[in-house]
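Survey of secondary and tertiary structure
Each chain, written out:
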Amino acid sequence: MELIQQNPDLSAYLAADEVIDHHHPVVRATAARLASNASDSYAYARLAFEYVRDVIPHSQDAGDPRVTWRASDVLEQTTGICYAKAHALAALLRAEDIPTALCYQRFDVLHGLIAVRFNGAWHRQDPRGNKPGVNAQFSLTGEQLAFVPDSEAGEEDDPTLYTTPPPAILSALKSASDRDQLWSSLPTALV
């Protein structure tokens, strides 16, 4: 699948906003701590991915009712669903000047992940969190995502590389008082 930049300007994939708030002190401190153990940007990207994947549990897996959506909140509260974890990883990567996009897959509902740009190409990564049957790994040589869409079942990858979360996703996250309410309002499409 060919990934398509929503914005042709690569600097848009380094920007901070209210969701990917990589200038926030919590994001900066986490990035600095991870960077101190990395020999280069590739090592940093892997460490950031593993941190978000392994240290921040997916709230559904952990039975955590809290809903987070802002990257700094995900890092501070150490919880989030796939979208929130993608926001946190994007913020950590952008904090170290690594272009990062938000990506989506469509199953019964949308699933969020990221793409990171290295060596002139985009590489999708899924920080959702591993569990039995899910084994996502950081890779720049081939995707090892949490889930693979089944086209015969109508599932699909969205090839668009987003700079910010689409309104449907952000609205669902912001308006949910808890994870149960969020689960009933998760978007099934990006439009």
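As a starting point, this report considers the structure included with it.

Basis of the calculations
- Residues numbered from 1 in each chain as written.
- Predicted model: local features only at pLDDT ≥ 70, side-chain atom pairs only at ≥ 80, totals over all residues.
- Heavy atoms only, no water.
- 1 Å grid on protein atoms, 1.4 Å probe; cavity = no way out; pocket = protein on both sides within 12 Å on 5 of 7 lines; lining within 4 Å.
- Points joined across faces, edges and corners; volume = space filled by probe spheres on them.
- Helix = DSSP H or I, 4+ residues; strand = E, 2+ residues; numbered from the N terminus.
- Nonpolar A, V, L, I, M, F, W, Y, C, P; charged D, E, K, R; others polar.
- Axes fitted to C-alpha atoms, helices over the stretch in contact; angles between N-to-C directions.
- Parallel < 35°, antiparallel > 145°, perpendicular 65-115°, else oblique.
- Left-handed = near helix turned anticlockwise from the far one by under 90°.
- Contact = heavy atoms within 4.5 Å.
- Core = buried A, V, L, I, M, F, W, Y, C linked by side-chain atoms within 4.5 Å.
- Buried < 20%, exposed > 50% of the residue type's maximum accessible area, 1.4 Å probe, protein only.
- Pairing = 2+ DSSP bridges.

Some words on the layout of surface pockets
Taken as a whole, the largest pocket holds about 280 Å³ of empty space. Lining the largest pocket are 14 residues, and of these Val109, Leu110, His111, Phe147 and Trp183 sit closest to its centre. When contributions to the lining of the largest pocket are tallied by element, the ones reaching two or more residues are helix H5 (82-95) and strand S3 (110-118). Of the residues contributing to the lining of the largest pocket, the split by class is 9 nonpolar, 3 polar and 2 charged.

Let's talk about the packing of helix H1 (residues 25-35) against helix H2 (residues 41-55)
Interaxial distance between H1 and H2 falls to 9 Å at its minimum, and their mutual angle equals 125 degrees. In this view, H1 runs oblique relative to H2, as classed from their interaxial angle. Note that H1 runs across H2; the crossing there is right-handed. Counted together, Thr30, Ala31, Arg33, Leu34 and Ala35 of H1 and Tyr44, Leu47, Ala48 and Tyr51 of H2 form the full contact between these two elements. The residue makeup of the contact of H1 with H2, split by class, is 7 nonpolar, 1 polar and 1 charged.

Looking at the nonpolar core
Counting 47 residues, the largest nonpolar core has Tyr83, Leu92 and Leu93 as the members making the most contacts within it. No other element matches the 11 residues that H5 contributes to this core. Apart from the residues lying within four places of it in its own chain, the contact partners of Leu92 are Val27, Thr30, Ala31, Leu34, Tyr44, Ala48, Tyr51, Val52 and Leu75. One finds Ala12, Tyr13, Cys103 and Leu161 within the second-largest nonpolar core, a separate group that totals 10 residues.

As for the sheet that holds strand S1 (residues 4-5)
Adjacent strands of a sheet pair through backbone hydrogen bonds, lying either parallel or antiparallel. Pairing is mixed across the open sheet formed by 5 strands, whose spatial order is S1-S5-S2-S3-S4. With partners counted over all chains shown, the strands left at the sheet margins are S1 and strand S4 (121-125), one partner each. With 4 bridges joining them, strand S2 (residues 100-106) and strand S5 (residues 156-162) adopt antiparallel strand pairing. Paired with Arg106 across the two strands is Glu156, which belongs to S5. H5 contacts S2, S3 and S5 of the sheet and is inclined by roughly 15 degrees relative to S3.

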